[in-house]
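Spelled out from the first residue to the last, the chains are:
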Amino acid sequence: MDHKYADFAVEKAVELLSVDSPTGFTERAAKWVYDAFSALGFEARITKKGGVLIDLGGEDEDDALLLEAHTDTLGAMVAEIKDNGRLRVAQLGGMRAENGEAENVRVYTRAGKIYEGTLQLINASVHVNGDYGDTKRSFDTTEVVLDEDVGSAEDVRALGVEVGDVVCFDPRTRVTKSGYIKSRFLDDKLSVGILLGLAKYIRDNGAAPKRRVYAHITVYEEVGHGGAGSVPQGVTEAISVDMGCVGEGVQCTEKQVSICVMDSGGPYSYAVVGKLIDAAKREGADYALDVYPHYGSDVEATLDAGNDIRHGLIGSGVYASHGYERSHIEGVYNSLKVLKGYLEI
Ligand SMILES: [Zn+2]
């Protein structure tokens, strides 16, 4: 596979990363995904739940393969407008206050206004607060400081900000000359880019997989039920394309594709994992096998929903997951190689 498909995947991921989409607030990102696959000539539709289902073509409709990646991300929601005009927020998905502290945010009101602010420790000046270093960070000890002249709850409400408004953290996306990709929410927008890279490869080469192949870009993965619906008739296997774990005790690096053997939801299908390993070997992909200690995936939600399928999980290695994440274009390339091998195209 030409390296240009990895370049394309990263380019598309960077575009998608600029569209704010915390879980539950994904309409614009889903529209972007719909447009991106449609532009490559594939039939896509927005599901009732708000995800995007794409038909990537292929023959055998009775032994179809479903690839799943998610475009929802972590974020926060306004939980309380305080008397002093600051906002207490509640996490969306597994967002951590330790990681969001001092990050710029955008607050989206229901009327469509967007206000800037920052998540700060309460009483954040080190020259004033003697407990700065000892305070445990949580969403009760941090708050959003709006960059507006607000000194009371009435001032904030006058802007149109209300409980339930969505708080989006700046992804701070950067691609370095050395090929590293740094951003919040590479989990899992990098994988959406990878599936777009695969779609472009299929289109450019007129590739016809033996099996029918569908992609489902889900929108509630971070709260556990993203992959629970919209499984087309005839699907016998589902593979999550989601971030691979990088850290102490796991083998994968950011430059590799991770093939997950087991996570918190138990073992992946022995048969599917075996075929993923075979595909990696055939395509010369640099891969690592890993057991993830704290992880759940879309395809486990697909199984939990009662679907009779075999399941697997692969993804480009991502360090500092659910924080300021880092991956590498070679991890993207290796992921594409495994998918190409699995589809036998
Ligand atoms: Zn994910």
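These remarks concern the structure in this document.

**Re a negative patch on the surface**
On the surface, a cluster of negative charge is contributed by Asp-83, Glu-116, Asp-147, Glu-148, Asp-149, Glu-154 and Asp-155. Locating Asp-83 in the fold gives a position in the loop between β4 (75-81) and β5 (87-92). When its relative accessible area of 70% is taken as the criterion, Asp-83 is described as exposed.

**Here we look at the pairing of β4**
One ladder, built from six bridges, connects β4 with β5; its direction is antiparallel. Within β5, the residue paired with Val-78 across the bridge is Val-89. Taking the residues between adjacent antiparallel strands as the criterion, β4 and β5 are bridged by five residues, where Gly-85 takes a positive phi near 90°. Sheet topology places β4 next to strand β9 (residues 166-169); two bridges connect them, and they run antiparallel. Bridging from a neighbouring strand, Ala-76 pairs with Val-167 of β9.

**Some words on the coordination of the zinc ion**
Distances from the zinc ion to its protein donors, His-70 (NE2), Asp-187 (OD), Asp-242 (OD) and Asp-242 (OD), fall within 1.9 to 2.6 Å. Coordination at the zinc ion is irregular, judged from the four donor atoms that bind it and the angles of 52 to 142° they form at the metal. Here the donor residues of the zinc ion share one chain and are spaced in sequence as H-x116-D-x54-D. Placement of the pair is Asp-187 in helix α5 (residues 186-204) and Asp-242 in the loop between β13 (235-241) and β14 (244-245), with a sequence separation of 55 residues. Look at Asp-242 and you get buried, because its relative accessible area is 2%.

The rules we used
Residues numbered from 1 in each chain as written. Predicted model: local features only at pLDDT ≥ 70, side-chain atom pairs only at ≥ 80, totals over all residues. Heavy atoms only, no water. Patch = residues over 30% accessible without salt bridge, like charges linked within 9 Å, V, L, I, M, F, W, Y side chains within 5 Å. Areas by Shrake-Rupley, 256 points an atom, 1.4 Å probe, with all protein chains shown as cover. Salt bridge = Lys/Arg side-chain N within 4 Å of Asp/Glu carboxyl O. Lys, Arg positive; Asp, Glu negative; His and termini not counted. Charge placed at Lys NZ, Arg CZ, Asp CG, Glu CD. Helix = DSSP H or I, 4+ residues; strand = E, 2+ residues; numbered from the N terminus. Buried < 20%, exposed > 50% of the residue type's maximum accessible area, 1.4 Å probe, protein only. Pairing = 2+ DSSP bridges. Donors = N, O, S within 2.8 Å, 3.2 Å for Na, K, Ca; no water. Tetrahedral: all angles 85-135°; square planar, octahedral: opposite > 155°, others 65-115°.

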